[in-house]
Amino acid sequence: MEILKLNPVFKDYIWGGTRLRDEFKMKTDINPVAEGWMLACHKDGMNTIDSGKYNNKTLQEVIDIEGSVKMLGKNSEKFAYFPVLIKIIDAKDNLSIQVHPDDEYARRVEHEFGKTEIWYVLDADEGAELIYGFKNKISKEEFRKAIENNTLPEVLNSVKVHKGDLFFIEAGTVHAIGKGTLIAEIQQNSNSTYRVYDYGRLGKDGKPRELHIDKAVDVTVTEPPKYGTKPQGEPEKINGGKKQLLTSCELFTVYRYDCESEIELTAGEESFNHLLIIEGNGNINGRQFKKGDSYFVPAGYGKYKIEGNAEIILTKI
């Protein structure tokens, strides 16, 4: 089974910018380019394969042909769905303040799975901020009142954001990416989002965008965040570069690799590897790549080599 290069799926939400097209050289005519879905096997977006035996087929089609466990690995058997969705998010403006449900609520109400995610900050303007939980613990009733009185931002925890920060957004955590931020997001494969505040903006139809207050009140944990804002591990030297554990949880494990010459990686029987090139260029087993490229390495592929000068986010389950 070959390593698959994936074509991104693009989203043109109103808060997006142009960095994916201008800096990452991604090819799309949509404007703005808010998100690139770099690993996507979801009803709202599906990667296709770029070249090779399965050129132009969807990732789901390849999985159906080759077999789910063969492609995704033994760890995939604990998931009833494709396990992750990976995005690059370009926030030229503030995203809405929102919250995601957990698995139990989402399956019962939305008929899909919940959404826990991480944000790894690729870049941030000077002074950029995001919202991460509450300043202090409040009641559900106080939360609803703050939404209705248009005072919600006053009770939320605003955090200065810097390149290299890592935010673990557990389901139920109120959050919002702030303007001037470029983020790699690794999340459960879900698109269930409850918008609770949107700065009075109008959608493309000229009307205020829908809020989901009742559902948000149901699922929100109205407390300060439990986690810090730094990666879980420290950078460590490896042959040919460095690696750093960004996060490890029951849903996914994510590393950042700095390839300075040549590094060797392995996709074992337990999980696929997904590679997101966030800086630089080089080759994977002799196949050229550049910043913004996305590769799926099937489970059981074994050892493979990365050569060049590049920064890579590797995700597995």
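These numbers were taken from a predicted model, which means no experiment stands behind them.

## Quick look at the overall build of the protein
Summing up its helical and strand segments, the protein has 7 helices and 23 strands in all. What you see for the protein is a C-alpha radius of gyration of 19 Å, in line with the 20 Å of a compact globule of 317 residues. Overall size of the protein, expressed as C-alpha extent along the three principal axes, is 60 × 40 × 40 Å. Looking at the protein as a whole, 54% of its 317 residues are labelled buried.

## Side note on the side chain of E117
Turning to its location among the elements, E117 is positioned in strand β9 (residues 117-124). A polar contact of 3.4 Å, which involves the side chain of E117, links it to the side chain of W119. Here E117 is in contact with H100, F167, F168, I169, H175, E185, I186, Q187 and F252, once residues within four sequence places are set aside.

## Some thoughts on the pairing of strand β1 (residues 4-7)
Pairing analysis gives 2 bridges linking β1 to strand β22 (residues 294-297), with the strands arranged antiparallel. When the bridges of β22 are listed, L4 appears paired with F296. Of the strand pairs in this sheet, β1 and strand β6 (residues 48-49) are connected by 2 bridges, and their pairing is antiparallel. Residue L6 lies in a different strand from β6, and its bridge partner there is I49.

## Observations concerning the pattern of salt bridges
The final tally for this structure, using the stated rule, is 26 salt bridges. One salt bridge connects E66 with K70, and the closest N-O pair in it is separated by 3.0 Å. With a shortest N-O distance of 3.5 Å, E262 and K305 are connected by a salt bridge. Of the two residues, E262 is situated in strand β19 (residues 262-267) and K305 in strand β23 (residues 302-316); the sequence distance between them amounts to 43 residues. With relative accessibility at 34%, the residue E262 sits in the partly exposed group. By relative accessible area, K305 is classed as partly exposed at 39%.

## Comments concerning the environment of A267
Counting through the fold element by element, A267 comes out in strand β19. Spatially, the C-alpha atoms of A267 and G302 are 4.9 Å apart, while their sequence positions differ by 35 residues. Each residue touching A267, except ones within four places of it in the same chain, is listed here: N273, V297, P298, A299, G300, Y301, G302 and Y304.

## Structural notes on the packing of aromatic side chains
Aromatic ring pairs: the centre-centre distance and the angle between the two ring planes describe each pair. Enumeration over the complete set of coordinates arrives at 13 aromatic pairs. An angle of 45 degrees between the planes, with centres 6.1 Å apart, marks the rings of Y255 and Y257 as tilted. By relative accessible area, Y257 is classed as buried at 9%. Where Y301 meets Y304, the ring centres are 6.2 Å apart and the plane angle is 75 degrees; that geometry is what we call edge-to-face. Through pairs of rings, three or more aromatic residues link up here, namely F79, Y81 and F113. Sitting over the face of the ring of W37, K11 holds its NZ or CZ atom 4.6 Å from the ring centroid.

## Some words on the sheet that holds β9
The 6 strands are arranged β2-β3-β7-β14-β9-β12 in an open sheet whose pairing can be described as antiparallel. Lying at the two open borders of the sheet, with one neighbouring strand each, are β2 (9-11) and β12 (166-169). Strand after strand, the sheet turns through a mean of 20 degrees between neighbouring axes, direction not considered. Where β2 lies against strand β3 (residues 35-39), 3 bridges are found, and the strand directions are antiparallel. Bridging from a neighbouring strand, K11 pairs with E35 of β3.

About the thresholds
- Residues numbered from 1 in each chain as written.
- Predicted model: local features only at pLDDT ≥ 70, side-chain atom pairs only at ≥ 80, totals over all residues.
- Heavy atoms only, no water.
- Helix = DSSP H or I, 4+ residues; strand = E, 2+ residues; numbered from the N terminus.
- Rg over C-alpha atoms; globule rule 2.2 N^0.38 Å.
- Buried < 20%, exposed > 50% of the residue type's maximum accessible area, 1.4 Å probe, protein only.
- Polar contact = N/O pair within 3.5 Å; in protein donor to acceptor, adjacent residues only side chain to side chain.
- Contact = heavy atoms within 4.5 Å.
- Pairing = 2+ DSSP bridges.
- Salt bridge = Lys/Arg side-chain N within 4 Å of Asp/Glu carboxyl O.
- Phe/Tyr/Trp six-rings, centres within 6.5 Å; stacked < 30°, edge-to-face > 60°.
- Lys NZ or Arg CZ within 6 Å of the ring centre and 35° of its normal.
- Axes fitted to C-alpha atoms, helices over the stretch in contact; angles between N-to-C directions.

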